[in-house]
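Overview (structure and organization)
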Amino acid sequence: MYYYLDISFVNQDITAALFKNHIITSIKHVFGEIAAAIPFDVVKYDPSEIRAIVRVTQDHYVKFRGSLTLAGYYQGKPCAYIVHKVSPLLLSLLGDSRTYVH
Amino acid sequence: MESVKGYFDYNVTDKCISNNFENIAKQLYDFGYHTIAINQTIDESLLEESISEGKKKKKIERQDIVPSPIDAKIIKGCDKLKILNRLTISFTTQDIINRIIKSPNYRKYHIIAAQPESQQAFQFTCTNFEADIFTFNPSTKPNYKMQRKLYYLLVERGVHFEIMYGPAIEDSTKRKNIIATAHMYHSFGKSRNIIISSGITNSFLIRNPYDVINLGLLFGLSDGQAKDAIQNNGRNVYMHGSTVLEFVCWKLY
């Protein structure tokens, strides 16, 4: 089963490839080489907002999100990942009961 | 008694106050932290310096050794944000504690945290000292030996153990020490009475409460404990802090 994460990056404009690369480096930094090999995909990337939808398997979700939380620097400058929403269903990233306006 | 709501963050360092506090408070509020505490630390080594200076210049007014709590203004747009004051005492011997407790400023703080730096201080914290939070210095390894018996003694008295995540983002050595301490709490006390706080120094280190809960899993807590660590246990700390305060007042009058 996959988890889909809607995340954005707070630092500077970067390309999709660099975005994925930085996630891999952050995982490597916290959990080492073997964990850096966990499979994940950038499903969609929006360079204007530096926001992406990433999917990762259920088994690796905690480690993956943990390393996003602990990522503090990009090229020596402070950075942060904001996780907007997480769901096992891709469709629920569009809207859920929390954002639903009656 | 006033109620406290939302997620808790008991460790916003006083460095943030001078450095764009309004922005930080707003960010915390938007993330759902509705109760935050501004942390002020007194270090034993700094106090000793002031004592020796005092001896040299005897006639200079003796200042209160406890700094007066920072009074944060209510910030526009976050009216429900409750800002508490927290005092962290870092000490190696218990002598200093008596002097601190006598200080009039001491009672103005809502929450008291103990940070023992030696075996003797650790024993004292476990048996006698009325603290609300038990904390540690993430930049060094603990100088004391944890025991299951002492851990449970603290749990029984309603003391909560703090793990901060801010330093873990900044620096890899601190991260190592924090994870090691968190796992020590797991092996000695099954991670009971844990609170997770930020310990932030700038706005880039603020994390979403859900991220923090997820991080709790890496610190060796279970799903429920991780959620309690920033929600229910935070409330317990507040209750513990205010009841101890009331008890002190009742004793005085």
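Below: a short report on this structure. All values derive from a computational prediction rather than experimental measurement.

1. Some thoughts on the overall build of chain A
Broken down by element type, chain A carries 2 helices and 6 strands. If you list the helices and strands of chain A from N to C, you get β-α-β-β-α-β-β-β. For 102 residues, the compact-globule estimate of 2.2 N^0.38 gives 13 Å, and the C-alpha radius of gyration of chain A, at 14 Å, lies within 12% of that figure. Relative to its 102 residues, chain A shows a buried fraction of 40%.

2. Some remarks on the interface of chain A and chain B
With 19 residues of chain A in contact, the opposing surface of chain B contributes 13 residues. When chain A packs against chain B, close to 1,600 Å² is buried across both sides, 60% of that on carbon and sulfur atoms. Put simply, Asp 211 of chain B and Arg 65 of chain A hold a salt bridge, and the shortest N to O gap is 2.6 Å. Linking chain A with chain B are 5 residue pairs in polar contact (both at pLDDT 80 or more), by the criterion used here. Considering each element in turn, the side of chain A that touches chain B owes the most residues, 5 residues, to helix H2 (residues 61–69) of chain A. When the residues that make up the side of chain A that touches chain B are grouped by side-chain class, the tally is 13 nonpolar, 4 polar and 2 charged.

3. Concerning the side chain of Lys 85 of chain A
Residues and elements named next belong to chain A. Checked against the element boundaries, Lys 85 lands in strand S6 (residues 80–87). Lys 85 gets classed as buried once you look at its relative accessible area, which sits at 17%. Apart from the residues lying within four places of it in its own chain, the contact partners of Lys 85 are Tyr 4, Leu 5, Asp 6, Ser 92, Leu 93, Gly 95, Asp 96 and Thr 99.

4. Focus on the pairing of strand S6 (residues 160–164) of chain B
Residues and elements named next belong to chain B. A large share of S6 lies buried, amounting to 5 of its 5 residues. Side-chain alternation along S6 places His 160, Glu 162 and Met 164 on one buried face and Phe 161 and Ile 163 on a second face that is also buried. Pairing between strand S5 (residues 133–134) and S6: 2 bridges, direction parallel. Directly across from Phe 134, in S6, lies its bridge partner Phe 161. A crossover links S5 with its parallel partner S6, the connecting element being helix H6 (residues 148–156), and its sense is right-handed.

About the cut-offs
Residues numbered from 1 in each chain as written. Chains lettered and ligands numbered in written order. Predicted model: local features only at pLDDT ≥ 70, side-chain atom pairs only at ≥ 80, totals over all residues. Heavy atoms only, no water. Helix = DSSP H or I, 4+ residues; strand = E, 2+ residues; numbered from the N terminus. Rg over C-alpha atoms; globule rule 2.2 N^0.38 Å. Buried < 20%, exposed > 50% of the residue type's maximum accessible area, 1.4 Å probe, protein only. Contact = heavy atoms within 4.5 Å. Buried area = accessible area lost by both parts, 1.4 Å probe. Salt bridge = Lys/Arg side-chain N within 4 Å of Asp/Glu carboxyl O. Polar contact = N/O pair within 3.5 Å; in protein donor to acceptor, adjacent residues only side chain to side chain. Nonpolar A, V, L, I, M, F, W, Y, C, P; charged D, E, K, R; others polar. Pairing = 2+ DSSP bridges. Right-handed = clockwise from strand over helix to strand, strands pointing away.

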